[in-house]
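Structure at a glance
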Amino acid sequence: MIFFISDTHFLHSNILEYCSRPFSSTQEMDEQLISNWNSVIGQEDEVYHLGDFALGNKFLVDKILTRLLGKIHFIRGNHDQWLRKSAVAEQRLVWVKDYYELKVQDEEMDLTQFLVMSHYPILSWNKASHGSWMLHGHVHSTTDPLNETTARLDVGVDSHKYFPISYEQIKNIMTKRVFKPIDHHGSTNRD
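Let me sum up the structure you'll find in this document. Counting starts from 1 at the beginning of each chain's written sequence and moves along it residue by residue. pLDDT decides what is reported in this predicted model: residues at 70 or higher carry local features, side-chain atom pairs at 80 or more are listed and counted, and totals for whole chains, interfaces and linings draw on all residues regardless. Hydrogen atoms and water are omitted, and side-chain values are computed over all heavy atoms in the structure.

1. So, the sheet that holds strand β2 (residues 46-49)
By this definition, two strands are paired if DSSP reports at least two bridges between them. Secondary structure follows DSSP: runs of H or I at least 4 residues long count as helices, runs of E at least 2 residues long count as strands, and numbering of each begins at the N terminus. The mixed open sheet is built from five strands, whose spatial order is β4-β3-β2-β1-β9. Every interior strand has two partners, whereas the edge strands, β4 (93-97) and β9 (165-166), have only one. Where strand β1 (residues 2-5) and β9 come together, two bridges link them in antiparallel fashion. Of the residues in β9, the one forming a bridge with Phe-4 is Ile-165.

Have a look at this one:
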């Protein structure tokens, strides 16, 4: 299976207040996020983390990274300076990029779904008028009302009850939306 997640902010004490996260400490938050992750992701699952993994001591960040299941693909966020110092990241992460485009062969919908991924939400993205979906983090669920009429989705933990979200869950959300074009490219037809 394929999963997406963003803005875990492991070890980041201020995120508890900034985002009103329902945890009494970063230790409690970190343990719950790890538990949630490993409860839905298996060792062979593909995971796309869209940035802001952690903020803190590189040794503690590395320790958390080793506890997470799945094959992790990583898109850098604005709080990912730990990557430069991590001894584990090079071994544990499949790759690290700033932006990525993924094609998912969806047999149920009988099409190839095009996904554009960035830590930051993009207003108009590649193939937006041809049915592609834009996945992002960074905003901690504050753009959800704006996203409801676009093919854009915040995959951050604050938007999904502190769990990773699967491709199937994303498809369920996106196929129920009525998209309104936001630029001159017009319709969202797949032609």
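2. A closer look at the pattern of salt bridges
Salt bridge criterion: a side-chain nitrogen from Lys or Arg within 4 Å of a carboxyl oxygen from Asp or Glu. Applying the stated criterion across every chain yields a total of seven salt bridges. For Lys-171, the salt bridge is made with Glu-108, and the minimal N-O distance between the two is 3.1 Å. Taken together, the residues Lys-171 in helix α6 (residues 167-174) and Glu-108 in the loop between β5 (99-106) and β6 (111-118) connect sequence positions 63 residues apart. Each residue is placed in one exposure class: buried if its accessible area under a 1.4 Å probe, protein chains only, is under 20% of its type's maximum, exposed if it is over 50%, and partly exposed if it falls in between. With relative accessibility at 5%, the residue Lys-171 sits in the buried group. Classification of Glu-108 as exposed rests on a relative accessible area of 65%. Each member of the salt-bridge network shares a partner with another, and the members are Asp-106, Glu-108, Glu-168 and Lys-171.

3. Description of the packing of aromatic side chains
Ring geometry is summarised as follows: Phe, Tyr and Trp rings, the Trp one being its six-membered ring, pair when their centres sit within 6.5 Å, and such pairs are stacked at plane angles under 30 degrees, edge-to-face over 60 and tilted between the two. In total, this model carries 10 aromatic pairs according to the counting rule given. Ring centres of Phe-53 and Phe-74 lie 6.3 Å apart, and the angle between their planes is 80 degrees; on these two criteria the pair is classed as edge-to-face. A residue pair is termed long-range when its members are at least 10 positions apart, and Phe-53 in the loop between β2 and α3 (58-67) and Phe-74 in strand β3 (residues 71-75) qualify at 21 residues. A residue is classified by how much of its surface remains accessible, and Phe-53, at 2% relative accessible area, is buried. Residue classification places Phe-74 among the buried positions, given a relative accessible area of 0%. By the criterion adopted, a ring carries a charge over it if an Arg CZ or a Lys NZ lies within 6 Å of its centre and within 35 degrees of its normal. For the cation-ring pair, Lys-97 lies above Trp-95, with the distance from its terminal atom to the ring centre recorded as 5.1 Å. We note Lys-127 situated over the ring of Phe-114; from NZ or CZ to the ring centre the distance is 5.3 Å.

4. So, the pairing of β2
On any regular strand, side chains alternate: one points to one face of the sheet, the next to the other face. With four bridges joining them, β1 and β2 adopt parallel strand pairing. Within β2, the residue paired with Phe-3 across the bridge is Val-47. One ladder, built from four bridges, connects β2 with β3; its direction is parallel. Paired with His-49 across the bridge in β3 is Phe-74. Looking down the strands as they point away from you, a crossover is right-handed if its path from the first strand over the helix to the second goes clockwise. Considered for its hand, the β-α-β crossover made up of β2, α3 and β3 is right-handed.

5. Let's talk about the pairing of β6
Of all eight residues in β6, seven are buried; the element is thus mostly enclosed. Here β5 pairs with β6 via eight bridges, running antiparallel. When the bridges of β6 are listed, Glu-101 appears paired with Val-116. In this structure, the hairpin formed by β5 and β6 is closed by a connection of four residues, where Asp-110 is found at a positive phi of approximately 55 degrees.

6. Brief notes about the sheet that holds strand β7 (residues 133-136)
Spatial strand order, β5-β6-β7-β8: four strands in an open sheet with mixed pairing. The strands lining the two open edges of the sheet, one partner per strand, are β5 and β8 (152-154). On average, each strand axis in the sheet is inclined to that of its neighbour by 25 degrees, with strand direction left out of account. Of the strand pairs in this sheet, β6 and β7 are connected by three bridges, and their pairing is parallel. Counted as the bridge partner of Val-116 is Met-134 from β7. Here a residue-residue contact requires only that any non-hydrogen atoms of the pair lie within 4.5 Å. Structural elements are reduced to axes, namely lines fitted to C-alpha atoms, with helices fitted over the stretch in contact, and the angle between N-to-C directions of any two is expressed from 0 to 180 degrees. Across the sheet, α6 lies against β5, β6, β7 and β8, angled at about 125 degrees from β7, the strand it touches most.

Take it as geometry only, folks, not as evidence of what the structure does.
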